[in-house]
Amino acid sequence: MYADFLRRLARDKLAMVGLCVVAVLFFVAMFADFLAPYPPDRIDVEKILVEPSRDHLMGTDPLGRDVLSRIIHGSGVSLSVGFVAVGISTFIGVILGAASGYYGGLADRIIMRFVDIMLCFPTFFLILAVIAFLQPSIWNIMIVIGITSWMGVTRLVRAEFLSLRERDFVRAAVSQGASDLRIIFLHVLPNAMAPILVAATLGVASAVLVESSLSFLGLGVQPPDPSWGNMLTEGKDNIEIAWWLSLFPGLAIFITVMGYNLLGEGIRDTLDPRLRR
Amino acid sequence: MTSTHGPIITILLVFLILTGCDQHKATTKDPSPKTETVTSIAETESEPAYGDMIIRGTIGDASVLLPVLANDASSFDITGLIFNGLVKYDKDIQLVGDLAEKWEIADDKLTIRFFLRKDVKWQDGQPFTTKDVEYTYKTYVNPKTPTAYATDFLKVKEFRVLDPYTFEVTYTEPYAPALTSWGQGMLPSHLLEGTEITESPLKRAPVGTGPYRFREWKTQEKIVVDSNHDYFEGRPYINRVLTRVIPDPATMFLELKAGRLDQMGLSPLQYTRQTNTKWFNENFRKYKYLAFGYTYLGYNLLDWKFKDKKVRQALTTAIDRDGIVKGVLLGLGEVAYTPYKPDTYWYNPNVKKWPYDPEKAKQMLAEAGWTDTDGDGILDKDGKPFKFTIITNQGNQLRERAATIIQRDLRRVGIRVKIRPIEWAAFLKNFIDRRNFEACLLGWGIGIDPSQIDIWNSKKTGERELNFITYVNPEVDTLLDQGAATYDREKRKEYYDRFQEIIAEDQPYTFLFVSYSLPIISARFHGIKPAPLGIGYNFDRWYVPKHLQKYHIAP
């Protein structure tokens, strides 16, 4: 089944572009120290806001730091925030969704109303409020994004469970006396993996965006640690004299988010039997 | 005025305006002998004319428009146009009469007798008399008044009204900052007497004696004042002053370019890179002078790491302050060595300067017991590594950049620094007030009077008091008390010279820099004459020649 899935995914050109982007990002983040031409925090007051040139392919910032090196090091921040946040939200979503869908009844109603309540909050402002209470740091950002974006996954998982729990293989497992936990995690969940995977991939894209927005507002990754969002803040302040400060971090965010979205949608299309040719 | 400051100074003044610098006119109008006009076209003499409006940009909105309650630069910027004190500083930083015609200081230096001008009227037509002065004095010393400027007035032993235009104040001991303290804005007793000042409608719609009268205040948007035709020094030329609140410096600059602002304070980058075009040279004039304020790195002296002055001297030696002036201010500032403004009378240039020398710093730290015993690249002592966090207020990019350079410099000598920008209200409440910090990067405004008791006296360490680094030095306490009790300028300077030597030796702060104020003003305004006190001192004499007038405001 997986071989079939991969073959069909490989035929989807856009999904492959997305996959390549994501793979390159991983590579860059992992080998940032080797790829970056300068240390990301190397200050050079003689070279403040230098235009892109051979020495500095993407120019320098107001402290004379190399923009390319900072973008390369910023990729690690973006990716780790994306993955950890999505890990947290998927974990919460799966647990609650599985409980809700499998048991139904009162548990289902309580969890679903809770989801409705959470969805009523404008997520971004909820995050802003929470960050204002905690101190902004990369760890807090990951956690806060994670615990405010699990609702979609919960609904997806619940829907899958609602239909799967009526299937014969589940009944068979029940009749054999398997425990609830065993049924949920070993029998039902593996069959619900596909939509979860799609939601998670798309979730990474939105987590990267949220992190950038928060850092842009000064509530995310704190300087001098490079993050694409806080680089954009400096870009905004100097947009008239240093276009490179806005363009390159902006492009990095754009390409990353697009890469994840393409990949996620590619996976979804591949898995959708109605689109199968 | 606020708009003449870069964001850095504005933020420091907005919240930590020195209680010593009651002369808000002095602190907010940026005096300096080295004022410099940068312009390509010389200002041609032309006939002064009434009319037109000036639109100024400010980063922060005013909070309250009564000088007794205000403690931020944005508020003082407006109240300075509406209110007068009894005395003021003239363009050469000499104390002259404002609402007071003259004064006499008794030989024992304990009693001052003021003679008020008799031709002054409040903007609602009532005469200004000693009754107003008495009310103002009583309001300042009333413990229920939430004012930051009571200290000077509490030194008054007796306040005697002699007649409607003469009064006398007696001090318990000679107090040199006394005269300056009467420059505080006078309040209208006929409108405030018997009311709760914190509840007064005048907080948002003040009535004063000054060159401009209040017209309109839209919170977080604009404050409008119109010229006072009955002003005792003569009607101001410019009919209206519109102060627009634009919290973002980049947006403010765009507004300036779009012609919707006449005056703002530039950042070093805007000054050096964005305003040298032909269009700017033809339409604007730039000014440049040292601001009355400095930026420093303060060490919490309750923290065991910073208790040894040898360590603090080494930290200062390890920090490349010239690099900060160059990299952060783009050269538009000077390195600070003492808490006084360079090229003012009170500044002592002969103090220990601790020039940048990383090798020497390492050696000094080793002498203080800090060495890298475990080979991890971080100095340690008693098994504890030398790591600390610098906190600063969020949104001040110049300070954050300075902190970044300090972080790099200290890493070179084996000290690990973290930088934590914190939103201002939380910064004061949870960190500064509770002494919950290791080092802080902040700024002070410098008053014209040299008394700095509130910052350095060992008794001013209580919560919300300004000696929040807990600097204790009995000799400094004595010198500052002696300085405040001495009227003789030269004698007084000796005390403050010695005080600066001790501060430079103790290094409770690493003094970082004094930056330039970089105001830019539309070229249609004439009569601006840079002086040691900056450019704002004769604002009521600025004018726009008839043929250049842009806005038509009914007088």
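Bear in mind that the values here come from a model prediction, so they are computed numbers and not experimental data. (Residues numbered from 1 in each chain as written. Chains lettered and ligands numbered in written order. Predicted model: local features only at pLDDT ≥ 70, side-chain atom pairs only at ≥ 80, totals over all residues. Heavy atoms only, no water.)

Novice: Just to check I follow, could you spell out the overall build of chain A for this structure?
Specialist: Along chain A, the regular secondary structure elements total 13 helices and zero strands. Taken from N to C terminus, the helices and strands of chain A fall in the order α-α-α-α-α-α-α-α-α-α-α-α-α. In terms of principal-axis extent, the alpha carbons of chain A reach across some 75 × 45 × 25 Å. Evaluated residue by residue, chain A yields a buried proportion of 48% over its 277 residues. (Helix = DSSP H or I, 4+ residues; strand = E, 2+ residues; numbered from the N terminus. Buried < 20%, exposed > 50% of the residue type's maximum accessible area, 1.4 Å probe, protein only.)

Novice: How should I be thinking about the sheet that holds strand E6 (residues 111–116) of chain B in this particular structure?
Specialist: Strand pairing in a sheet relies on backbone hydrogen bonds. The paired strands run either parallel or antiparallel. All names here are of chain B. With antiparallel pairing, four strands are arranged side by side in an open sheet as E5-E6-E8-E7. On the outer flanks of this sheet lie strand E5 (100–105) and strand E7 (156–163), each paired with one strand and no other. Across the sheet, the axes of successive neighbouring strands diverge by a mean angle of 20°, strand direction being ignored. Sheet topology places E5 next to E6; five bridges connect them, and they run antiparallel. Following the sheet pairing, Ala100 is matched in E6 by Leu116. With respect to the sheet, helix H4 (residues 130–141) is in contact with E6, E7 and strand E8 (166–171), its orientation differing from that of E7 by roughly 165°. (Pairing = 2+ DSSP bridges. Axes fitted to C-alpha atoms, helices over the stretch in contact; angles between N-to-C directions. Contact = heavy atoms within 4.5 Å.)

Novice: Sorry, what's going on with the packing of helix H4 (residues 67–103) of chain A against helix H11 (residues 193–216) of chain A here?
Specialist: Helix-helix packing is characterised by the crossing angle of the two axes and by the distance between the axes. Residues and elements named next belong to chain A. Viewed as axis vectors pointing N to C, H4 and H11 meet at an angle of 135°, and their least axial separation amounts to 8 Å. In terms of their interaxial angle, H4 and H11 are classed as oblique. The interaxial crossing formed by H4 with H11 has right-handed handedness. Every residue of H11 that contacts H4 at Val77, Ser78, Val81, Gly82, Phe83, Ala85, Val86, Thr90 and Val94 is listed here: Ile196, Ala200, Gly203, Val204, Ala207, Val208 and Glu211. Grouping the constituent residues of the contact of H4 with H11 by class yields 11 nonpolar, four polar and one charged. (Parallel < 35°, antiparallel > 145°, perpendicular 65-115°, else oblique. Left-handed = near helix turned anticlockwise from the far one by under 90°. Nonpolar A, V, L, I, M, F, W, Y, C, P; charged D, E, K, R; others polar.)

Novice: I'm lost on a nonpolar patch on the surface in this one. Help?
Specialist: Residue and element names in this part refer to chain A. Side chains of Phe26, Phe27, Met30, Phe31, Phe34, Leu35 and Phe83 sit close together on the surface and give an oily, nonpolar patch of about 740 Å² of accessible area. Put simply, the parts of the chain that give the nonpolar patch at least two residues each are helix H2 (13–30) and helix H3 (32–35). For the nonpolar patch, the element with the highest residue contribution is H2, accounting for three residues. Checked against the element boundaries, Phe34 lands in helix H3. Residue Phe34 is classed as exposed on the basis of its relative accessible area, which comes to 69%. (Patch = residues over 30% accessible without salt bridge, like charges linked within 9 Å, V, L, I, M, F, W, Y side chains within 5 Å. Areas by Shrake-Rupley, 256 points an atom, 1.4 Å probe, with all protein chains shown as cover. Salt bridge = Lys/Arg side-chain N within 4 Å of Asp/Glu carboxyl O.)

Novice: Explain the interface of chain A and chain B to me, please; I cannot follow it from the model alone.
Specialist: Accessible area lost upon the coming together of the parts serves often as the stated size of an interface. Between chain A and chain B, the residue contacts involve 21 residues of the former and 24 residues of the latter. Together chain A and chain B conceal approximately 2000 Å² of surface at their shared face, both sides included; 51% is due to carbon and sulfur atoms. The interface formed by chain A and chain B holds five salt bridges in total. Across the pair Glu46 of chain A and Lys326 of chain B runs a salt bridge, and its minimum N-O distance is 2.6 Å. Where chain A meets chain B, there are eight residue pairs in polar contact (both at pLDDT 80 or more). (Buried area = accessible area lost by both parts, 1.4 Å probe. Polar contact = N/O pair within 3.5 Å; in protein donor to acceptor, adjacent residues only side chain to side chain.)

Novice: What is the right way to look at the packing of aromatic side chains in this model?
Specialist: For any pair of aromatic rings, the description rests on two quantities: the centre-to-centre distance and the angle between the ring planes. Residue and element names in this part refer to chain B. The tally for this structure, following the rule as stated, stands at 52 aromatic pairs over all chains. A centroid spacing of 4.7 Å and a plane angle of 50° characterise the contact between Trp456 and Tyr509, whose relative ring orientation is tilted. Linking Trp456 in helix H16 (residues 453–456) with Tyr509 in strand E21 (residues 509–517), this pair joins segments that are 53 residues apart in sequence. Tyr509 shares its class with Trp456; the two are buried. Geometry around Tyr516 places Lys288 over its ring, the cationic atom sitting 5.2 Å from the centre. (Phe/Tyr/Trp six-rings, centres within 6.5 Å; stacked < 30°, edge-to-face > 60°. Lys NZ or Arg CZ within 6 Å of the ring centre and 35° of its normal.)

Novice: What should I look at first to understand the pattern of salt bridges in this one?
Specialist: Working definition: two side chains of opposite charge can pair if their charged atoms are close together. Overall, the coordinates contain 43 salt bridges over all chains when judged by the stated rule. Arg165 of chain A serves as the salt-bridge partner of Glu166 of chain A, at 3.2 Å between the closest nitrogen and oxygen. By relative accessible area, which is 42% here, Glu166 of chain A ends up partly exposed. The closest approach of N and O atoms between Asp226 of chain B and Arg240 of chain B, which form a salt bridge, is 2.7 Å. Here the residue Asp226 of chain B occupies a position in strand E10 (residues 222–227), and Arg240 of chain B occupies one in strand E11 (residues 240–245), the gap between them amounting to 14 residues. The burial state of Asp226 of chain B is the same as that of Arg240 of chain B; both residues are buried.

Novice: Whenever I open this one, the pairing of strand E19 (residues 416–422) of chain B confuses me. Can you help?
Specialist: In regular strands, side chains alternate between the two faces of the sheet. Pairing analysis gives seven bridges linking strand E18 (residues 387–393) of chain B to E19 of chain B, with the strands arranged parallel. Looking at E19 of chain B, one finds that Lys387 of chain B is bridged to Arg416 of chain B.

Novice: Before we go on, may I ask you to explain the pairing of E21 of chain B in this structure?
Specialist: All names here are of chain B. By the criterion of burial, E21 is predominantly enclosed, with nine of the nine residues buried. Sheet analysis places strand E13 (residues 284–290) next to E21, joined by two bridges and oriented antiparallel. Across the sheet, Tyr289 pairs through a bridge with Ser517, a residue of E21. The sheet contact formed by strand E15 (residues 333–335) and E21 spans three bridges and is antiparallel.

Novice: Is there a simple way to explain the packing of H2 of chain A against H4 of chain A in this structure?
Specialist: All names here are of chain A. Where H2 meets H4, the axes come as close as 8 Å, and the angle between the chain directions of the two elements is 115°. The chirality of how H2 crosses H4 is left-handed. Counted together, Leu25, Phe26, Val28 and Ala29 of H2 and Ile72, Ser75, Gly76, Leu79 and Phe83 of H4 form the full contact between these two elements.

Novice: Help me understand the side chain of Asp262 of chain B, please; the structure alone is not making it clear to me.
Specialist: All names here are of chain B. Turning to its location among the elements, Asp262 is positioned in the loop between helix H8 (249–257) and strand E12 (263–265). Only 2.9 Å separates the side chain of Asp262 from the side chain of Arg524, close enough to count as a polar contact. Dropping the residues within four chain positions of it, Asp262 is found in contact with Met53, Ile54, Ile55, Leu256, Phe284, Ile520, Ile521, Ser522, Arg524, Phe525, Lys550 and Tyr551.

Novice: Whenever I open this one, the environment of Pro555 of chain B confuses me. Can you help?
Specialist: Note on placement: Pro555 of chain B falls in the segment after strand E22 (519–522). Owing to a relative accessible area of 69%, Pro555 of chain B belongs among the exposed residues under this scheme.

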